[in-house]
Amino acid sequence: MLIVDGQSNERLVLDGEWFEKLHGGQSKTRVPASSFRGATWQDIDRRVKMFSKEREQLVSVTLAFDGGPFVGFVAPAEKRPQLEAIVAGLEAARPAS
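1. Digging into the pairing of strand β3 (residues 18-23)
Stage number 1. Inspection of the sheet shows strand β2 (residues 10-15) paired to β3 by six bridges, in the antiparallel sense. Following the sheet pairing, valine 13 is matched in β3 by glutamate 20.
Stage number 2. Counting the residues that bridge the hairpin from β2 to β3 gives two residues, and of these glycine 16 lies at a positive phi of roughly 65 degrees.

2. Section: the sheet that holds β2
The strands making up a sheet are joined through hydrogen bonds of the backbone, oriented either antiparallel or parallel.
Stage number 1. Strands sit in the order β1-β2-β3-β4 across an open sheet of four strands; the sheet is antiparallel. Each edge of the open sheet carries a strand with a single partner, namely β1 (2-5) and β4 (26-32). On average, each strand axis in the sheet is tilted by 15 degrees relative to the strand beside it, whichever way the strands run.
Stage number 2. On the sheet, helix α1 (residues 80-93) packs against β1, β2 and β3 and is oriented at approximately 140 degrees with respect to β1.

3. Some words on the pattern of salt bridges
Stage number 1. With the rule as written, the count across this model stands at eight salt bridges.
Stage number 2. The salt bridge involving glutamate 10 is made with lysine 21; its shortest N-O contact spans 3.3 Å. Pair noted here: glutamate 10 is in strand β2 and lysine 21 is in strand β3, with a separation of eleven residues, a long-range link.
Stage number 3. Overall, glutamate 10 belongs to the buried group, its relative accessible area being 15%.
Stage number 4. What makes lysine 21 buried here is its relative accessible area of 11%.

Definitions and limits used
- Starting from 1, residues in each chain are numbered consecutively following that chain's sequence as written.
- Totals for whole chains, interfaces and linings use every residue, but because this is a predicted model, local features are given only for residues with pLDDT of at least 70 and side-chain atom pairs only at 80 or more, for both listing and counting.
- Calculation of side-chain values draws on the structure's entire complement of heavy atoms; hydrogens and water are dropped beforehand.
- Whether two strands pair comes down to DSSP finding at least two bridges between them.
- Helix numbering and strand numbering both begin at the N terminus, where a helix is a DSSP run of H or I of at least 4 residues and a strand a DSSP run of E of at least 2.
- Between N-to-C directions, angles cover 0 to 180 degrees, with each direction set by a line fitted to C-alpha atoms, over the stretch in contact for helices.
- Contacts are assigned to residue pairs that have any heavy atoms within 4.5 Å of one another.
- For salt bridges, the criterion is a side-chain nitrogen of Lys or Arg within 4 Å of an Asp or Glu carboxyl oxygen.
- Think of it in three bands: residues with accessible area under 20% of the maximum for their type are buried, residues over 50% are exposed, and the middle band is partly exposed, with areas taken using a 1.4 Å probe on protein chains only.

See the structure below:
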């Protein structure tokens with residue numbers, strides 16, 4: 001089981017054949033991992049507070065699945081390896097073409 005915690009009290013879970021996004025501990029999206037189609041990555045650099053000089057580095061990933069659900073997720077940049085592991089697990093769950 002792979003778990004990554006992100007911004008806004010969100011969590012991604014890859015558990016065997018299922019992928020799930022939770023918000024505040026409640027399931028928002030649950031789909032078969034084999035329905036995964038692709039991921040789009042974006043690195044984000046933003047201010048911590050408005051007018052502040054302090055900055056934070058984030059990574060955003062949008063996951064696409066068959067039948068429509070797109071799952072967006074934002075986490076601190078240091079969690080990118082964990083997100084890449086989830087994407088690799090989703091890719092491995094896809095049926096061979």
